[in-house]
Amino acid sequence: MNLTVTEEAAKWYEEELDVTNKTSLRFYVRYGGVGGLQPGFSLGIKFEEPQEPLVQTEVGNITFFIEEDDEWYFADHSLQVELNEKWDEPEFQYDSE
């Protein structure tokens, strides 16, 4: 599994979440929401330090990561986070490996 966050998406997170120093941001699986890879679930975010990261990438001031216990959700897919310029918000793309 790979995790990719574009510079534009990372900048959006920095601005929207008022990130000014180095920090870590976890993508985690939550019940409910729309547009998820698995029916009935979607991705959420929270500031948290990595404990057992499955994947991580540093872009700008943020280390983005996914913990090993959320691996089931991705089912052999990688996650790419891009900025949707029309809606000015992040967009998740799941690519088969």
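That block above? That's the structure.
A brief look at the structure comes next. Keep in mind that what you see is a predicted model, and the values were worked out from it rather than measured.

### A short note on the environment of Lys46
Link 1 in the chain: Inspection of the secondary structure assignment puts Lys46 in strand β3 (residues 41–47).
Link 2 in the chain: For the pair formed by Lys46 and Tyr28, sequence separation is 18 residues and the distance between their alpha carbons is 7.8 Å.
Link 3 in the chain: Contacts of Lys46, omitting those with residues within four sequence positions, involve Ser24, Leu25, Arg26 and Tyr28.

### Examining the packing of aromatic side chains
Link 1 in the chain: Within this structure, the stated rule accounts for 11 aromatic pairs.
Link 2 in the chain: Ring geometry for Phe27 versus Phe92: centroids 5.6 Å apart, planes at 85°, classification edge-to-face. Highlighted residues: Phe27 in strand β2 (residues 23–31) and Phe92 in strand β7 (residues 89–96), separated in sequence by 65 residues.
Link 3 in the chain: For Phe27, a relative accessible area of 1% translates into the label buried.
Link 4 in the chain: Between the aromatic rings of Tyr31 and Phe41, the centroid separation amounts to 5.7 Å while the plane-to-plane angle is 80°, which identifies the pairing as edge-to-face. Of the two residues, Tyr31 is situated in strand β2 and Phe41 in strand β3; the sequence distance between them amounts to 10 residues.
Link 5 in the chain: Pairwise contacts between aromatic rings join Tyr31, Phe41, Trp72, Tyr73, Phe74 and Tyr94 into one cluster.

### Observations concerning the sheet that holds β2
Link 1 in the chain: Strand order across the open sheet formed by 4 strands is β3-β2-β5-β4, with mixed pairing between neighbours. Every other strand in the sheet has two partners, leaving β3 and β4 (53–59) as the edge strands with one partner each. Adjacent strand axes in the sheet meet at a mean angle of 25° when their direction is disregarded.
Link 2 in the chain: Of the strand pairs in this sheet, β2 and β3 are connected by 7 bridges, and their pairing is antiparallel. Each residue of the ladder has a partner; that of Tyr28, found in β3, is Gly44.
Link 3 in the chain: The strands touched by helix α1 (residues 7–16) are β2, β3, β4 and β5 (62–67); relative to β5, the strand with the most contacts, the crossing angle is about 100°.

Procedures and definitions
Residues numbered from 1 in each chain as written. Predicted model: local features only at pLDDT ≥ 70, side-chain atom pairs only at ≥ 80, totals over all residues. Heavy atoms only, no water. Helix = DSSP H or I, 4+ residues; strand = E, 2+ residues; numbered from the N terminus. Contact = heavy atoms within 4.5 Å. Phe/Tyr/Trp six-rings, centres within 6.5 Å; stacked < 30°, edge-to-face > 60°. Buried < 20%, exposed > 50% of the residue type's maximum accessible area, 1.4 Å probe, protein only. Pairing = 2+ DSSP bridges. Axes fitted to C-alpha atoms, helices over the stretch in contact; angles between N-to-C directions.

Taken by themselves, the reported measurements are silent on function.
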